[in-house]
Structures are given as C-alpha cells and as structure tokens.
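Residue-level listing of the chains:
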Amino acid sequence: MTGKGRFLASDTPADCAHAVVVRSAVPSGRIVSVATDGAQAAPGVRLVLTGEDVAATLPVDLTAVNAPAAAARAQPALAKGRVRYVGEPVAFVVADTADLARDAAERVAVTTEEAPAVTDLEAAWRERIPAWGTGPNIVARHEAGDAGATKAAFERAARVIALRVPVNRVDPAPMEPRSCRATVADGAITLTVGTQRAHAIQRPLADGVFGIDRAHLRVVSPDSGGGFGQKNSAYPEHVLCIEAAKRLGRPVAWEADRTESFAAGNHARESLFDVRAAIDETGRVRAIEVARAIALGAYVSPRGLVMMVNGLSHLTGVYGIEAAFVTVEGVLTNTAPTCPYRGAGRPEVVLCCERMMDAIAHTLGEDPLAFRRKNLVRAAQMPFEAPLGGVLDRIDAPALLRVPPPPTVGAERWGRGIALFAENLGAPPEPATVRLVAEGDGLRLITGTGSAGQGHETVFPALVAARLGLDPLRIAFTDADTAAMADGIGTAASWSLTLAGNAADRAADAAIARGAEIAARALGVLPSAIDFDAGLFRARGRNTALGWTEIFAREPEFAVTGAFTGEKTLNAGCHVADVAVDVETGAVRILGLSAVHDVGTVMDETIATGQLHGALTQGIGQAACEAVRYDAETGQLLTASFMDYALPRADDVPRFDTAFVAGARPKNPIGVTGLGEAGATGATAAVLNAVINALTPLGVTTIDMPLTPERVWRAIRTARRPQGAPGGPA
C-alpha cells in the first residue's frame, strides 16, 4: 500500500542475467530431440541448458511416509528422455535481458513422440492407467487405525452407510508468482526466493542436490506476496538458477508469469475418499472405514507425501467414534505435482468428515445439527483418544456449535451448512530459536520463521516489547534468512506463534536476566537485588535505576537467545454457512458465513481476524468456483489464466461474522494455539453442506465441487427427472 514492500524484482542487480524455461507442450511422451542451436545463436544469449547438461533431481522428503517407490518418481530439474505433464521444464535459456531470453526460448525446438496421458485421478486410481507408461500408478501407501476393531464394529452395526467424497484440484494462486535469483561469489551461493520456509529450501538443495555445506548456500526471502505452502519447497528453477549462476559467474534471475505459474507451480488438494460408516441402533456413528486416493501429479514433489498422513485423525472429527481404519494411496497422474497448501491435508479430511455427518443425518432422516450434537465427544469423556491418533481435550464443542438465526430469502432455496472441527496441530520436528541482538538504542529480533502476510513483523516485536517495556518501534525484525539464523523450521502448519512466539517469550526472559546482571554490576549490587518493571532495572531499597538505553550502552554486543521445543496444540472451530440457490439457473449466493474459534490467547485481534477472513475466502473459493482442469482427451491445461481459473471476487464473498471464545488455556507459556489455516479447514465443508442441504428436498444428495451454476443446475435437473427418463437438458 505504501510502496515500501521489497520483492525479488524490486532489487535486481545491474549485472543480472535473466532466464526463461522452455516447457513441455504435451502431457506425456518420449523426447525425440531438443534442438538448441537457434537459441544459442540468438542475440544476448549466455547459456542454454537441457536435461543432458543437468542431471539433478529434487530430493523427496520420506519422513512422512517411507515410500522408496515415491522417491524414485522425484522430479528432474530438466526432463530427459520423457515428459510427463504440460509445463514440465525441458530447457533453460539465459540471456542478458528477460525479453532476449524469451525470444531465444522460442527458438528451442522440442520434438516429442506423444503418448496417452491420464489426468483423471479416479481413472488413474481405480483403472490403474499408468501415467508413466510403465510401472504402477500407486507409488506410496499408508495405513492408520485398528483394522480388527473396525471390522468388529461393522459386524455389530445396525446399519452401514457409504458415500464418495471427491475433492477438486486447486492452485494456491499467490499474488506474487514464483521467482528466484541466484548469486555465486567466492564459492558461496545466495538464493533469493519468496518463501515462508527458507531452511526447507536450503537443506534439500545443499544436502541432496549440490552436496555442499549448508553454510555455503544462503537462502533469503524478501517480502513475499503470498504463498500458502506453494513456495515452501525446492523447485527445478532453484536448481537451474544456481547452476547457471555458477557457470556464468553472474547473478541469474527467473520470474514466472501467471500462465507459467498455473502450469508449473505445484497444485493442491485433489483427493478422492470412499467412506463407509457403521451406525448403531441409536443412530450414533461407531466406526468408519476410509479408502483415500491422493493425486501426487506426474512426479512426487519434495513435500508431496505430507498430505498422505497430515490430518488423518480429523476423519473422526470431534465425534465419539470408537474405531477407524484408513488406507491412503498416492497416485501418479500426468498433471503438475502437488504440495501442501494452507492446512496441508486437514481441509480435505475435515470436508470428508463433515460431509459424512450430513449424509448420514439425511439418510437417517435426522437434522444435521441435532445429529452432530448426539455424536459429540462428551466433556466427561475427555481426554478422548481419537481412533486415528490425536487427543481431544480442552475444547468445549457444544459452546462452539452456535447457530445464528436463519436469513431472509426470497424465491431462492435457503440452505445452511455446518463444519465443526478440532485441529490437532502436531509438534514440529525441531525447536525454534529466537535471538535478540542490541542494535543502536534498541534490539533486533531474529527468527527462523518467514512471513508471507501473517504480520510477524508486527506481532513478534510487540510481544517482546510488551515483556521488556520497550516501544515496539525500537525492535527491528529479521526473518527468513539462513545467514542470520542458521537453524529454523520456518512458517507452516499453523505453528509460527506457538513455536517462535514462545521462543521470543523465552528470549525476553533471557534479555531481562542479562539486563539484571549488567545493571547489578553498574549499581554495585547482586543480580538478585535487581527488580525489573516497565523497562527499568531498579536496585531494591535504593532510588537508582537503569533503562535499556543504559544497558545497551554498557554492553554494545548485548545478545541473548530463546528456544522453544514445540508441543502439540489443539484449536477448535465451528463454521456456519447460509446460502441461497436459484433452482432455475443453479446460481449460488453465499448469504453469510459465521466462524467461532477457540485458539487460546489472541495476541492481536485485528491480525487474527484478518487471518480468518483470508482463509475463509480460500475455503469458499474451493467450494464455489476454483478448479484446476485438464482436458480429458488431450491432457492440456484448461485453466492457465484468471480468465479460466475463477478466484472468488468481492461479490462472491459474504459478510463474515467471526468470534473468538476462550476455552481452557493451552499449556505453552504464552497460551496460544495455531490459527492461520483454520478458516480454510472448515469453510469448504460448510459451504458444500449448505448447498446440498438447500437442495435435499428436491432429491439432490451430492454435487461435486466446485459448485458452478452449471453443476448445480444439472444436479437439480437430474434429481427432478423421473427414474428411467432419458438424459439431456430438462
């Protein structure tokens, strides 16, 4: 808004070369040849790379699922031998300017012997059509739960209800498309890239691709125009920019345009759930059995396996389901790879759970709200160990289940949808560290997290300033720089505040303790005789005190560290969506969306509310309009611009009614839980349930997302058509 934001393109070095990626125009096939002579002879061209020149592949993180077959399907920096999706990098052209690089890239001639492609997840999963031409489509498998207990519960069931829940593929669509710049000087590499997780990019590149000490590969992020997970892992362009900078001895930058971003950025969410639920004679859900397919894309991205395990405990939600068993399979398709995206699996799983609850309620002839209340985990049952992992504790689900009065609707059909959930946020694999270093008359707060709009530069300094009795403007802020913080976990999984916030709180403790030592020495007393209050260190019983200005003057090298080992946290929320559906056109109007959340202590209500609003909007987009689509016959990407990929606009988003409720305080020192993903976790299910509930009296029981007018209209016409009547428009 003020023009002070600094993005990668804001500070391009004068000697920087520019790169363009030549990408596959076909979804599957054998590469016959890649002719680069014309490009190499073009004006201003400094380097052209193909798969013959760069053999690197992106390392796959197998800590989530031990799946060697998945690692064998890692993405190469440049295709060699075959291409497997439209947009796959085939050549890398570097020239003195971006325009010259684009002109030269058009002279690269790629000849491909095209092969059949599979872009549909269901076909790839059920029919086993091979996306790689040979070999299995399923390259990773994960099981969770108790198969024996689940089988026994189904044998006792009074009724078994089954449903299919598809989840559409979406693009995170950050405001700033992906970009990077590599600089090599004196053997040290600096990669500038917009990301929330600088260390998550540094480590696989240093350890797995280039085989160098991490200290020799600095990853630093300027301001980042959104990311939502898409920018948090290594990409081919990172490898290629570094390789080109090493060969040329000058900085090399690459910046995607929007079409390139849609084609070659990692997508997200695409899944298919087959669900069976065992119901007892009282109408309570006793067990569930789930088979899930996840679209991994043509290659397994570095963090692509995370969604196979993340959030599975949410399949049983906040309900007293006693047994569950789930099988998750990672499936290859001839599409762009997929990655974690705001919620990293939890929104899809919550969608499955909450659709299941509505579908069962309708099948049993019960009100969905009353059915949920009947199945809730009771307070007396807590702590309740969920059958797929995680513990329900601390939350008061009935208190969250607030239902606003129905809106006034004219001739349209009104529907209300509910999504009730608790997010079990896992502990990160390593502690967070925060440093406070004297800088002039104040401090610099250095953290390993990365902000992409979450307001870290506001919240973290304010937290420390309040503890130290300092003006927040006296605390500078640095994040997302591996040179400033050698170890860091970054921003993901809603753990920034719970992890780095508590580390900052401990760093403030250390600063006060160190300040007391300095003040005691200056005032001639023991540190135990120093009292600290409102930014002043006072010698007990004396009318003498030192402030932070005097402390820093006496120790210009003042520096302290605070570390916090993450703990699992649990937040909870309830989303209620009201919609109006025009049965003649299929148009859906979202009338309102209420969201009540228990996230522990709210550090900054404006930022917390903004986090909810943004995530709620993304959840609405998934339900109502967003979808990455490939042509079923040609494998071509059909949604390569905002003319075809429908982000929600201002008039698609209703007034949000958000509130925070205070449950039992979380156990970490500052008493917080994660929040950043919660809005997206529940909103999609609430909107989908609302539309289906509006049309249930007409016989509509399911609609695949996104809920475009055409899909809704067809669902209504199909339900109204007498059984056995011919198809076609009604």
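Residues numbered from 1 in each chain as written. Predicted model: local features only at pLDDT ≥ 70, side-chain atom pairs only at ≥ 80, totals over all residues. Heavy atoms only, no water.

Enquirer: Lay out the overall build of the protein in plain terms, naming residues and giving numbers.
Expert: Counting its secondary structure elements, the protein contains 18 helices and 28 strands. A globule of 730 residues ought to have a C-alpha radius of gyration of about 27 Å, and the protein, at 27 Å, matches this closely. Principal axes of the C-alpha set define a box for the protein whose edges measure 95 × 75 × 50 Å. Of all 730 residues assigned to the protein, the portion counted as buried reaches 58%. Contacts in the protein between residues far apart in sequence, at least 24 positions, make up 79% of those at least 6 positions apart. When the accessible surface of the protein is summed, it comes to about 28100 Å², and 51% of that surface belongs to carbon and sulfur atoms. Separation between the mean location of the 70 positive side-chain charges and that of the 80 negative ones in the protein comes to 3 Å. (Helix = DSSP H or I, 4+ residues; strand = E, 2+ residues; numbered from the N terminus. Rg over C-alpha atoms; globule rule 2.2 N^0.38 Å. Buried < 20%, exposed > 50% of the residue type's maximum accessible area, 1.4 Å probe, protein only. Contact = heavy atoms within 4.5 Å. Areas by Shrake-Rupley, 256 points an atom, 1.4 Å probe, with all protein chains shown as cover. Lys, Arg positive; Asp, Glu negative; His and termini not counted. Charge placed at Lys NZ, Arg CZ, Asp CG, Glu CD.)

Enquirer: Account for the packing of helix H6 (residues 198-209) against helix H7 (residues 236-248), naming residues and giving values.
Expert: Where H6 meets H7, the axes come as close as 11 Å, and the angle between the chain directions of the two elements is 60°. Put simply, H6 runs oblique to H7. The interaxial crossing formed by H6 with H7 has right-handed handedness. Every residue of H7 that contacts H6 at Ile201, Leu205 and Val209 is listed here: His238, Val239 and Ile242. Here the contact of H6 with H7 is built from residues that sort into 5 nonpolar, 1 polar and no charged. (Axes fitted to C-alpha atoms, helices over the stretch in contact; angles between N-to-C directions. Parallel < 35°, antiparallel > 145°, perpendicular 65-115°, else oblique. Left-handed = near helix turned anticlockwise from the far one by under 90°. Nonpolar A, V, L, I, M, F, W, Y, C, P; charged D, E, K, R; others polar.)

Enquirer: Explain the side chain of Arg292 residue by residue, including any values.
Expert: Counting through the fold element by element, Arg292 comes out in strand E14 (residues 285-297). At 3.2 Å, the side chain of Arg292 forms a polar contact with the side chain of Ser271. When near neighbours in sequence (up to four residues on either side) are disregarded, Arg292 contacts Trp125, Ser271, Leu272, Phe273, Met307, Leu312, Thr327, Val328, Glu329, Gly345, Glu348 and Val349. (Polar contact = N/O pair within 3.5 Å; in protein donor to acceptor, adjacent residues only side chain to side chain.)

Enquirer: Now, about the nonpolar core: what can you tell me, with residues and values included?
Expert: Within the largest apolar cluster, 119 residues are counted, with the highest numbers of intra-cluster contacts made by Leu305, Leu315 and Met356. For this core, the element with the most residues is helix H17 (residues 678-695), which contributes 10 residues. When near neighbours in sequence (up to four residues on either side) are disregarded, Leu305 contacts Val60, Asp61, Leu62, Ala64, Val65, Ala67, Ala70, Ala140, Leu296 and Val300. Among the nonpolar cores identified, the runner-up in size contains 43 residues, and Ala492, Ala511, Ile530 and Phe558 belong to it. (Core = buried A, V, L, I, M, F, W, Y, C linked by side-chain atoms within 4.5 Å.)

Enquirer: Which residues make up helix H5 (residues 147-156), and what values go with them?
Expert: Turning to H5, its buried residues are Thr150, Ala153 and Phe154. The buried side chains of H5 occupy one side of the element, clustering within an arc of 100° when seen end-on. Residues of H5 that are exposed and point more than 90 degrees away from the buried face comprise Lys151, Glu155 and Arg156. Buried residues belonging to H5 abut strand E8 (159-167), strand E13 (271-279), E14 and strand E15 (323-332). Of the residues flanking the start of H5, the one acting as N-cap is Asp146, its side-chain oxygen 3.1 Å from the backbone nitrogen of Gly148. (Arc of directions from axis to C-beta.)

Enquirer: A description of the environment of Ala438 should follow, citing residues and the corresponding values.
Expert: Tracing the backbone through its elements, the reader meets Ala438 in strand E19 (residues 432-439). With a relative accessible area of 17%, Ala438 lands in the buried category. Expressed as a C-alpha distance, the spacing of Ala438 and Pro556, which sit 118 residues apart in the sequence, is 6.4 Å. Sequence-distant contacts of Ala438, defined by excluding residues within four places in its chain, comprise Leu443, Phe552, Pro556 and Phe558.

Enquirer: So what's going on with the pairing of strand E25 (residues 559-564)? Which residues, and what values?
Expert: Side-chain alternation along E25 places Val560, Gly562 and Phe564 on a buried face and Ala559, Thr561 and Ala563 on a face that remains uncovered. Both E19 and E25 contribute to a ladder of 6 bridges, which runs antiparallel. Pairing of Leu436 across the sheet is with Val560, part of E25. (Pairing = 2+ DSSP bridges.)

Enquirer: Now, about the pairing of E19: what can you tell me, with residues and values included?
Expert: Here E19 shows a buried face lined by Ala432, Val434, Leu436 and Ala438 and an unburied face lined by Thr433, Arg435, Val437 and Glu439. Relative to strand E20 (residues 442-447), E19 runs antiparallel, the two being bridged by 6 bridges. Within the sheet, the bridge partner assigned to Arg435 lies in E20 and is Ile446. In this structure, the hairpin formed by E19 and E20 is closed by a connection of 2 residues, where Gly440 is found at a positive phi of approximately 65°.

Enquirer: Can you break down the pattern of salt bridges residue by residue, with the values?
Expert: Enumeration according to the criterion identifies 45 salt bridges in this entry. Two residues, Glu348 and Arg292, come together in a salt bridge whose shortest N-O distance is 3.8 Å. Taken together, the residues span a long stretch of sequence, with Glu348 in helix H10 (residues 346-364) and Arg292 in strand E14 at a distance of 56 residues. Classification of Glu348 by relative accessible area gives buried; the value is 3%. On the basis of relative accessibility, which here comes to 1%, the residue Arg292 falls in the buried class. The salt bridge involving Glu439 is made with Arg444; its shortest N-O contact spans 2.7 Å. The exposure class of Glu439 is partly exposed, given its relative accessible area of 40%. Within the structure, one salt-bridge network assembled from shared partners comprises Glu122, Arg126, Arg164, Asp274 and Asp704. (Salt bridge = Lys/Arg side-chain N within 4 Å of Asp/Glu carboxyl O.)

Enquirer: I'd like a description of the sheet that holds strand E28 (residues 656-660), backed by residues and values.
Expert: Strand order across the open sheet formed by 4 strands is E18-E26-E27-E28, with mixed pairing between neighbours. Pairing within the sheet leaves two strands with one partner each, and these edge strands are strand E18 (413-425) and E28. Taking the axes of each pair of neighbouring strands and ignoring which way they run, one obtains an average angle of 15° across the sheet. Where strand E27 (residues 588-598) meets E28, 5 bridges bridge the pair, whose relative direction is parallel. Bridge pairing in E28 places Ala595 opposite Thr658.

Enquirer: Give me the lowdown on the packing of helix H13 (residues 456-468) against helix H14 (residues 496-523), citing residues and values where you can.
Expert: As a packed pair, H13 and H14 sit with axes 9 Å apart at the nearest point and diverge in direction by 30°. Relative to H14, the element H13 lies roughly parallel. H14 is crossed by H13, and the crossing has right-handed handedness. Listed contacts from H14 to His456, Val459, Phe460, Leu463, Val464, Arg467 and Leu468 of H13 are Ser496, Leu497, Ala500, Gly501, Ala504, Asp505, Ala508, Asp509, Ala511 and Ile512. A class-by-class count of the residues in the contact of H13 with H14 yields 11 nonpolar, 3 polar and 3 charged.

Enquirer: Give a detailed account of unusual backbone geometry, specifying residues and quantitative values.
Expert: Between Met382 and Pro383 the backbone carries a cis peptide bond, its omega angle lying at 0°. A cis amide bond links Met705 with the next residue in sequence, Pro706, at an omega value of 0°. One non-glycine residue, Ala344, lies in positive phi territory at about 45°. Positive phi values are uncommon outside glycine, yet Ala480 reaches one of about 55°. Checked against the element boundaries, Ala480 lands in the loop between strand E21 (475-478) and H14.

Functional significance is not addressed by these values, which are geometric in nature.
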